[in-house]
Amino acid sequence: MKSIHFFISIILFIPGMLFGNGSSAGGQLPVPPVLEGKELKLDIRQGELELPFGTSKTLGFNGSYLGPTIRLSSGDLADISITNSISENTTVHWHGLHVPAEFDGGPHQIIPAGGSWNPVFAIKQSAATLWYHPHLMGQTAEHVYRGLAGMFIIDDDYSKSLDIPKDYGMNDIPLIIQDRRIGRDGSFEYNPGGPDIMMGYIGNAVLVNGAYKPELDLKKGTYRFRILNGSNSSIYRVTFSDKHRFTVIASDGGFLPKTVQTDQLVMSPGERYEILIDFTKKAETKIALDIMGGNSHEIMTINTSRETGSYFEHPAALKYDHPDYSAKNLTKRVFNMETRGMGVFTINGQKMNMDRINFSLNQNSEEIWTVRNIGMGMMNIPHSFHVHDTQFTVLSLNGQPPGPLYAGPKDTILLFAGETAEIGVSFRDYTGVYMYHCHLLEHEDSGMMGQFMVE
Ligand SMILES: [Cu+2]
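What counts, and at which threshold
- Per-chain numbering applies: the sequence of each chain, read as written, is numbered from 1 onward.
- In keeping with the model being predicted, local features are shown solely for residues with a pLDDT of at least 70 and side-chain atom pairs are shown and tallied solely at 80 or more, while totals for entire chains, interfaces and linings include all residues.
- Excluding hydrogens and water, the side-chain figures rest on all heavy atoms present in the structure.
- At least two bridges found by DSSP between two strands are what make those strands a pair.
- Numbered from the N terminus, helices here are DSSP runs of H or I no shorter than four residues, and strands are runs of E no shorter than two.
- Between N-to-C directions, angles cover 0 to 180 degrees, with each direction set by a line fitted to C-alpha atoms, over the stretch in contact for helices.
- Known as pLDDT, the predictor's per-residue confidence is scaled from 0 to 100.
- Contacts: residue pairs with any heavy atoms within 4.5 Å of one another.
- By convention a nonpolar core is built from buried Ala, Val, Leu, Ile, Met, Phe, Trp, Tyr and Cys residues, the set being connected through side-chain atoms within 4.5 Å.
- Buried, partly exposed and exposed residues are distinguished by accessible area as a fraction of the type maximum, computed with a 1.4 Å probe on protein chains only: under 20%, between the cut-offs, and over 50%, respectively.
- Start and end points for every domain follow an automatic or database-based domain assignment.
- Note that water is not among the atoms used; donors are N, O and S atoms within 2.8 Å of the metal (3.2 Å for Na, K and Ca), so sites may look incomplete.
- Take a side-chain nitrogen of Lys or Arg and a carboxyl oxygen of Asp or Glu: if they are within 4 Å of each other, that pair is a salt bridge.
- Under the pairing criterion, centres of Phe, Tyr and Trp rings, with the six-membered ring standing for Trp, must be within 6.5 Å; the plane angle then separates stacked pairs below 30 degrees from edge-to-face pairs above 60, leaving the rest tilted.
- Either the NZ atom of lysine or the CZ atom of arginine qualifies as a charge over a ring when it sits within 6 Å of the ring centre and within 35 degrees of the ring normal.
- Counting rule applied: Lys, Arg positive; Asp, Glu negative; His and chain ends not counted.
- Pairs of N or O atoms are called polar contacts if they sit within 3.5 Å, as long as, within protein, a hydrogen donor faces a hydrogen acceptor (for residues adjacent in sequence, only side-chain-to-side-chain pairs).

*Asks:* Which residues make up the sheet that holds strand 28 (residues 412-415), and what are the values?
*Replies:* Within the open sheet, the 5 strands sit side by side as 24-31-30-26-28. Their pairing is mixed. Here the strands that pair on one side only, and so sit at the sheet edges, are strand 24 (359-361) and strand 28. Across the sheet, the axes of successive neighbouring strands diverge by a mean angle of 25°, strand direction being ignored. Note that strand 30 (residues 432-438) and strand 31 (residues 449-454) share 6 bridges and pair antiparallel. Across the sheet, His 437 pairs through a bridge with Met 449, a residue of strand 31.

*Asks:* Which residues make up the confidence of the model for the protein, and what are the values?
*Replies:* The predicted coordinates of low-pLDDT regions are not to be read in fine detail. When pLDDT is averaged along the protein, the result is 90, and 91% of the positions lie at 70 or above. For residues 10-24, every residue scores under 50 in pLDDT, and the model assigns this stretch 46 contacts once sequence neighbours within four places are set aside. Confidence drops under pLDDT 50 across residues 284-294; counting only partners more than four residues distant or on other chains, this segment forms 24 contacts.

*Asks:* Break down the nonpolar core for me, citing the residues and quoting the values.
*Replies:* Core analysis: the biggest nonpolar cluster contains 60 residues, and Phe 225, Leu 265, Trp 369, Phe 385, Ile 423 and Phe 452 have the highest contact counts within it. When residues in this core are grouped by element, the largest group, 5 residues, is from strand 15 (residues 215-229). Residues lining this core come from more than one domain, with at least three contributed by each of domain 1 (2-7 + 162-308) and domain 3 (331-454). In this structure, Phe 385 is in contact with Phe 335, Met 337, Trp 369, Val 371, Phe 392, Asp 411, Thr 412, Ile 413, Ile 423, Tyr 436 and His 437, ignoring residues within four places of it in sequence. One finds Ile 70, Ile 86, Trp 94 and Leu 130 within the second-largest nonpolar core, a separate group that totals 27 residues.

*Asks:* Explain the coordination of the copper ion residue by residue, including any values.
*Replies:* Distances from the copper ion to its protein donors, His 383 (ND1), Cys 438 (SG) and His 443 (ND1), fall at 2.0 to 2.1 Å. Considered as a linear motif, the donors of the copper ion on their single chain read H-x54-C-x4-H. Note on Cys 438: relative accessible area 0%, which makes it buried. Relative accessible area serves as the criterion here: at 0%, His 443 is assigned to the buried category.

*Asks:* Which residues make up the pattern of salt bridges, and what are the values?
*Replies:* Counted under the stated rule, the structure contains 19 salt bridges. The salt bridge involving Glu 274 is made with Arg 226; its shortest N-O contact spans 3.3 Å. Of this pair, Glu 274 sits in strand 20 (residues 272-279) while Arg 226 sits in strand 15, and the two are 48 residues apart along the sequence. As far as the burial class goes, Glu 274 and Arg 226 line up, both buried.

*Asks:* Give a description of the sheet that holds strand 25 (residues 365-374) that names residues and reports values.
*Replies:* Sheet strands line up and pair through hydrogen bonds in the backbone, either parallel or antiparallel. Pairing is mixed in the open sheet, where 5 strands are placed in the order 23-22-25-29-27. Since the sheet does not close on itself, it has two edges, and those belong to strand 23 (344-347) and strand 27 (393-397), each with one partner. In this sheet, adjacent strand axes meet at a mean angle of 20° when their direction is disregarded. Alignment of strand 27 against strand 29 (residues 420-427), held across 4 bridges, turns out to be antiparallel. Following the sheet pairing, Ser 396 is matched in strand 29 by Glu 422.

*Asks:* Tell me about the packing of aromatic side chains, and please be specific about residues and values.
*Replies:* The final tally for this structure, using the stated rule, is 28 aromatic pairs. Joined through ring pairs, the aromatic side chains of Phe 335, Phe 359, Trp 369, Phe 385, Phe 427, Tyr 434, Tyr 436 and Phe 452 make up one cluster. If you follow Arg 180 out to its NZ or CZ, it ends over the ring of Tyr 145, 4.4 Å from the centre. One residue, Arg 181, lies across the ring of Tyr 201, its end atom 4.0 Å from the ring centre.

*Asks:* Before we move on, could you go through the environment of Gly 169 and cite the residues and values that matter?
*Replies:* As for its position among the elements, Gly 169 is in the loop between helix 2 (157-161) and strand 12 (172-180). Using a relative accessible area of 25% as the deciding quantity, one classes Gly 169 as partly exposed. Separated by 239 residues in sequence, Gly 169 and Gly 408 place their C-alpha atoms 25 Å apart.

*Asks:* Residue-level account of the side chain of Asp 156, with values.
*Replies:* Along the polypeptide, Asp 156 turns up in the loop between strand 11 (150-155) and helix 2. For the buried Asp 156, no salt bridge exists, and the shortest N-O distance to an oppositely charged side chain is 5.8 Å, to Lys 319. One polar contact links the side chain of Asp 156 to the main-chain amide nitrogen of Ala 127, over a distance of 3.0 Å. In terms of polar contacts, Asp 156 uses its side chain to reach the backbone amide nitrogen of Tyr 158, at 3.2 Å. If near-sequence neighbours (up to four positions away) are discounted, Asp 156 is found in contact with Ser 74, Ser 126 and Ala 127.

*Asks:* Pulling in residues and values, what's your account of the environment of Asn 191?
*Replies:* Tracing the sequence through the fold places Asn 191 in the loop between strand 12 and helix 3 (194-199). C-alpha separation for the pair Asn 191 and Arg 181, spaced 10 residues apart in sequence, amounts to 9.5 Å. If near-sequence neighbours (up to four positions away) are discounted, Asn 191 is found in contact with Asp 196 and Tyr 201.

*Asks:* Residues and numbers for the pairing of strand 13 (residues 205-208), please.
*Replies:* Burial along strand 13 is two-sided: Ala 205 and Leu 207 and Val 206 and Val 208, pointing in opposite directions, are all buried. Judged from the 4 bridges that link them, strand 12 and strand 13 form a sheet pairing that is antiparallel. Pairing of Ile 177 across the sheet is with Val 208, part of strand 13. In this structure, strand 13 lies alongside strand 14 (residues 211-212), joined through 2 bridges in antiparallel fashion. The partner of Leu 207 across the bridge, within strand 14, is Tyr 212. Between strand 13 and strand 14, which pair antiparallel and follow one another directly, the connecting turn spans 2 residues, one of which, Asn 209, has a positive phi of 50°.

This is the structure we're talking about:
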């Protein structure tokens with residue numbers, strides 16, 4: 001067995017303490033089980049997660065930490081019975097899904113402690129790697145941090161017809177990446193202070209699918225990784241330690257019109273990418289464990305055996321259908337994401353108010369939204385703009401045509417201070433109240449969120 005290492009660096013932030021070479025690995029990569037079929041059941045429960053540092057009290061769906069991968073096809077009816085077996089209220093939001101407002105799982109759809117919720121909705125969108133997580137007003141960050149998150153994969157006829165890796169857990173592997181702050185007692189409590197609200201609750205150890213430095217043993221061949229930045233506020237640059245190149249085939253909401261060959265991905269919280277990567281003889285060279293800078297983490301080791309599995313061509317172009325945003329008369333709106341002081345985050349000068357609808361728009365309409373990160377002096381505080389119910393099209397980034405990684409469907413976009421994105425959004429089929437917010441969860445919980453009514 002020879003190894004290559006898969007690692008990330010957390011850019012922008014200097015974690016207080018790093019666990020480096022001294023800590024032992026966490027065994028084989030856990031792969032969340034699949035939950036599929038006509039009647040899906042999720043139970044929110046308490047648990048414990050054991051890591052090399054110690055044991056943490058956690059929350060999970062149907063288990064101790066994280067949740068199963070929900071897998072449905074376009075055209076299916078999602079019928080999901082959720083029981084809340086913990087002693088506090090929460091919600092479950094379907095991030096990236098096109099859903100009726102009453103089943104969106106935002107802050108208005110509280111599942112009370114001991115209660116239940118049964119959203120039923122049709123899957124009306126293309127193949128994508130989405131996810132689900134709580135969205136309780138003021139407590140999203142804590143609930144996600146403690147473990148409530150899972151992937152939600154949608155297939156469609158087109159994705160099923162493609163000759164790419166699709167054997168879940170074998171050559172099509174989900175990677176939920178989350179940093180956690182291990183305290184002196186070896187557990188990861190959520191206990192943010194002022195700077196954590198400002199910069200986000202940044203960790204000192206990184207988990208993949210809830211494991212610390214797991215290993216993944218593979219045959220030679222082509223693999224598909226579905227990567228989710230499931231962290232609270234950390235922005236990741238994901239690379240392979242041997243600068244291994246890979247092909248990006250999908251962004252947040254589905255396939256890219258032109259796939260992208262690269263050796264790194266920058267991902268803000270909530271964003272997803274799907275990649276194809278070939279492990280060949282060349283990849284079996286011995287690679288040094290590479291910790292960049294002092295704020296890098298080796299997060300996972302991939303061991304390729306001598307055995308050969310299946311190789312697949314990497315497609316150059318894929319199907320991405322989106323609404324036409326070229327009409328001159330589309331409604332335009334501006335969203336200024338602003339840091340107004342310590343822990344004071346606003347959108348268009350306002351903090352989230354559960355009792356205020358910030359604006360209304362017409363059902364079955366396209367609009368063009370300009371989203372800006374208004375910086376605050378010298379502090380470059382990033383924001384990650386997320387809109388519910390829609391997959392948007394990035395029309396421009398800082399006045400330029402978007403790069404190829406932004407040419408596909410997206411629901412979350414990273415903006416550093418001073419950056420501006422113009423996005424085309426469309427709202428079809430449903431009416432009701434949806435959210436838009438910063439997906440740095442400490443910012444969201446501090447009020448960097450608003451709500452709009454589709455009517
Ligand atoms: Cu933010």
